[in-house]
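Residue-level listing of the chains:
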Amino acid sequence: MKKTSILKNKTLVIGCGSLGATIANKCSQEGKNIMVVDTDAKSFERLSDRFSGYTFVGDVTDLSTLEEAYITTAKEIIITTGDDNTNLFVAHIARVIYNVPQIYVRLSDPDSEILLKGMDIKSIFPLELSFDKFNLMRGGRK
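Since the model is a prediction, treat every value here as computed from it, not as a measurement.

### So, the pattern of salt bridges
- A full pass over the atoms with the stated rule returns four salt bridges.
- Between K32 and E30 there is a salt bridge, and its shortest N-O distance comes to 3.8 Å.
- For E30, a relative accessible area of 45% puts it in the partly exposed group.
- E76 is the salt-bridge partner of K32, the closest N and O atoms lying 3.1 Å from each other. You can see K32 sitting in the loop between α1 (18-29) and β2 (33-38) and its partner E76 sitting in strand β4 (residues 74-79), a full 44 residues away along the chain.
- Overall, the relative accessible area of 27% leaves K32 in the partly exposed class.
- Bridged by salt links that share partners, the residues K26, E30, K32 and E76 form one connected network.

### Here's the deal with the sheet that holds strand β6 (residues 122-124)
- What the six strands build is an open sheet, ordered β3-β2-β1-β4-β5-β6; its pairing is parallel. Since the sheet does not close on itself, it has two edges, and those belong to β3 (54-57) and β6, each with one partner. Adjacent strand axes in the sheet meet at a mean angle of 20° when their direction is disregarded.
- As paired elements, β2 and β3 share four bridges and run parallel to each other. Pairing of V36 across the sheet is with T55, part of β3.
- Set on the sheet, helix α3 (residues 84-96) makes contact with β1 (10-14), β4 and β5 (102-106); between it and β5 the angle comes to about 175°.

### Here's the deal with the side chain of T81
- Residue position: T81 is located in the loop between β4 and α3.
- Accessibility expressed as a relative area gives 17% for T81, which makes it buried.
- Only 3.3 Å separates the side chain of T81 from the backbone nitrogen of D83, close enough to count as a polar contact.
- If sequence neighbours within four positions are ignored, T81 has contacts with I14, G15, T86, N87 and R106.

### Quick look at the nonpolar core
- In this structure, L12, I14, I71, I77, I79, V100 and I103 are the most contacted members of the largest nonpolar core, which totals 26 residues.
- Those elements that provide at least two residues to this core are β1, β2, β4, α3 and β5.
- A per-element tally of this core places α3 first, with five residues.
- Excluding residues within four positions of it along the chain, I14 makes contact with V37, V60, L66, I77, I78, I79, T80, T81 and V90.
- Of all hydrophobic cores here, the second largest spans 11 residues; its members include A21, I34, V36 and F51.

### Considerations on the packing of aromatic side chains
- Within this structure, the stated rule accounts for one aromatic pair.
- Centre to centre, the rings of F56 and Y70 are 6.2 Å apart; their planes meet at 65°, and the pair counts as edge-to-face. Remark: Y70 occurs in the loop between α2 (63-68) and β4 and F56 occurs in strand β3; sequence separation between them is 14 residues.
- A relative accessible area of 11% means that F56 is categorised as buried.
- Overall, Y70 belongs to the partly exposed group, its relative accessible area being 40%.
- The residue whose ring lies beneath K10 is Y70, and the NZ or CZ to ring-centre distance is 5.3 Å.

Thresholds, definitions, all that
Counting of residues starts from 1 at the beginning of each chain's written sequence and follows it residue by residue. For a predicted model such as this one, the threshold for reporting local features is a pLDDT of at least 70, and the threshold for listing and counting side-chain atom pairs is 80 or more; totals across whole chains, interfaces and linings nevertheless cover every residue. Excluded from the side-chain calculations are hydrogens and water; all other atoms, namely the structure's heavy atoms, are used. By convention in these notes, a salt bridge is any Lys or Arg side-chain nitrogen within 4 Å of a carboxyl oxygen on Asp or Glu. Each residue gets one of three labels from its accessible area relative to the maximum for its type: buried under 20%, exposed over 50%, partly exposed in between, using a 1.4 Å probe on protein chains only. Secondary structure follows DSSP: runs of H or I at least 4 residues long count as helices, runs of E at least 2 residues long count as strands, and numbering of each begins at the N terminus. DSSP calls a pair of strands paired once it identifies at least 2 bridges connecting them. Here, axes are lines fitted to C-alpha atoms. For helices the fit covers the stretch in contact, and angles between N-to-C directions go from 0 to 180 degrees. Contacts: residue pairs with any heavy atoms within 4.5 Å of one another. Within 3.5 Å is the distance limit for a polar contact, defined as a pair of N or O atoms, with the added protein rule that one can donate a hydrogen and the other accept it, and that residues adjacent in sequence qualify only through two side-chain atoms. Here, nonpolar core refers to any group of buried Ala, Val, Leu, Ile, Met, Phe, Trp, Tyr and Cys residues whose side-chain atoms link them within 4.5 Å. Here is the rule: rings of Phe, Tyr and Trp (six-membered ring for Trp) pair when centre to centre is within 6.5 Å. Planes less than 30 degrees apart are stacked, more than 60 are edge-to-face, and the remainder are tilted. Think of it as a cone above the ring: NZ of Lys or CZ of Arg counts as a charge over the ring if it is within 6 Å of the ring centre and within 35 degrees of the ring normal.

These figures come from the coordinates and say nothing about function on their own.
This is how it looks when you write it as C-alpha cells:
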C-alpha cells in the first residue's frame with residue numbers, strides 16, 4: 001500500500017492579539033494560506049479589511065480546534081497568545097503530534113525556553129526584542 005504524503009501549505013497563527021494580528025495581516029498580504037485561531041471572536045477585529053485568510057474561534061488546548069484550523073496541513077505555526085503555558089503546550093503538540101515543520105512561539109518568561117530544548121522550536125521574547133530595539137535607537141550603547 002502506497003503511503004501518500006500530506007501537502008503542508010498553511011500558516012497557522014494562534015492568538016489574534018496585537019502581535020498575532022500583525023503577523024496574520026502580513027502573511028495575508030504576502031499571499032500565504034493563513035488561518036487564525038483565538039478564543040474571542042472580537043479579537044478578529046484587529047485583522048485588516050484586506051485580510052484574506054480564515055478565522056476560527058476556539059480553545060487551542062483542544063485538539064479538535066487545532067484540527068478544524070488545519071494544523072494537519074500547516075507548514076508553519078506562530079503561537080502568540082498571552083499565556084506561556086498555553087503557548088508551550090501548543091508548541092509541543094505541533095511538534096510531537098502534528099510534526100509541523102516550522103514552529104515559532106512567543107514567551108514572556110525567558111526561563112521557560114528550557115522546556116523547548118532539542119525540539120527545533122524558535123522562541124520570540126517581546127521583552128528582549130523591545131530592549132534590543134531600544135538599544136539600537138540609542139546607538140548600541142549599554
